[in-house]
Amino acid sequence: MTPIELAEKLHARDAVLLAGRLLLSLIFVHEGLQLATHFEGAQKAMAALGVGTPLLVATILLQLGAGLSVALGILARLGAIGLGLFCLMTATLFHTNFASQNELLHFEKDLAIAGGMFILALAGSGRLSVDRLLAGFAKGAKIDPTVEQHLSVGETSLPV
């Protein structure tokens, strides 16, 4: 048995996709909750950066909504694209003072997270997701055991 066959038998791809989704979404859900629970302080800090209250509220909603979308596997591809674009914008708008090692680190971190989100958007959320569970119920309470294929292996399917 080849390593790929063993991984397929153990459904390792789905477990890795779940772990990746949870790890990638953690920073957004945590930050969204921090901003929401400390709204007045966040509002003052964002105002100092030139970010108004409507954009702060939109940021909180994006971080929580798309973060939970990715974590739970509900329209995870769409959530991943949204968060990937958010990271690119954050990096280019707020972390371009490369004379500061801290700002450079944040810039690179945002680019790395964006890359992970775009890869997730291509790979999909896998079988261990709410989308897959709902699709199974829609097909008569039986969950479809087929696995989305890797892009390198063949055709891939869009989110349910």
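Residues numbered from 1 in each chain as written. Predicted model: local features only at pLDDT ≥ 70, side-chain atom pairs only at ≥ 80, totals over all residues. Heavy atoms only, no water.

Draft legend 1. Quick look at unusual backbone geometry. Unlike most non-glycine residues, Leu75 shows phi in positive territory, near 50 degrees. Inspection of the secondary structure assignment puts Leu75 in the loop between helix H4 (53–72) and helix H5 (76–94). For Leu75, a relative accessible area of 44% corresponds to the partly exposed category. (Helix = DSSP H or I, 4+ residues; strand = E, 2+ residues; numbered from the N terminus. Buried < 20%, exposed > 50% of the residue type's maximum accessible area, 1.4 Å probe, protein only.)

Draft legend 2. Quick peek at the side chain of Ser69. Within the secondary structure, Ser69 is located in helix H4. A polar side-chain atom of Ser69 sits 3.0 Å from the main-chain carbonyl oxygen of Leu75. Setting aside residues no more than four positions away along its own chain, Ser69 makes contact with Ile74, Leu75, Ala76 and Gly79. (Polar contact = N/O pair within 3.5 Å; in protein donor to acceptor, adjacent residues only side chain to side chain. Contact = heavy atoms within 4.5 Å.)

Draft legend 3. Main features of the pattern of salt bridges. A complete count under the given rule lists two salt bridges for this structure. With a shortest N-O distance of 3.0 Å, Arg127 and Asp14 are connected by a salt bridge. You can see Arg127 sitting in the loop between helix H6 (101–123) and helix H7 (130–138) and its partner Asp14 sitting in helix H2 (residues 12–37), a full 113 residues away along the chain. For Asp14, a relative accessible area of 2% translates into the label buried. In this structure, Asp110 engages Lys109 in a salt bridge whose closest nitrogen and oxygen atoms are separated by 3.1 Å. Relative accessible area serves as the criterion here: at 5%, Asp110 is assigned to the buried category. Take Lys109: its relative accessible area is 30%, and that puts it in the partly exposed class. (Salt bridge = Lys/Arg side-chain N within 4 Å of Asp/Glu carboxyl O.)

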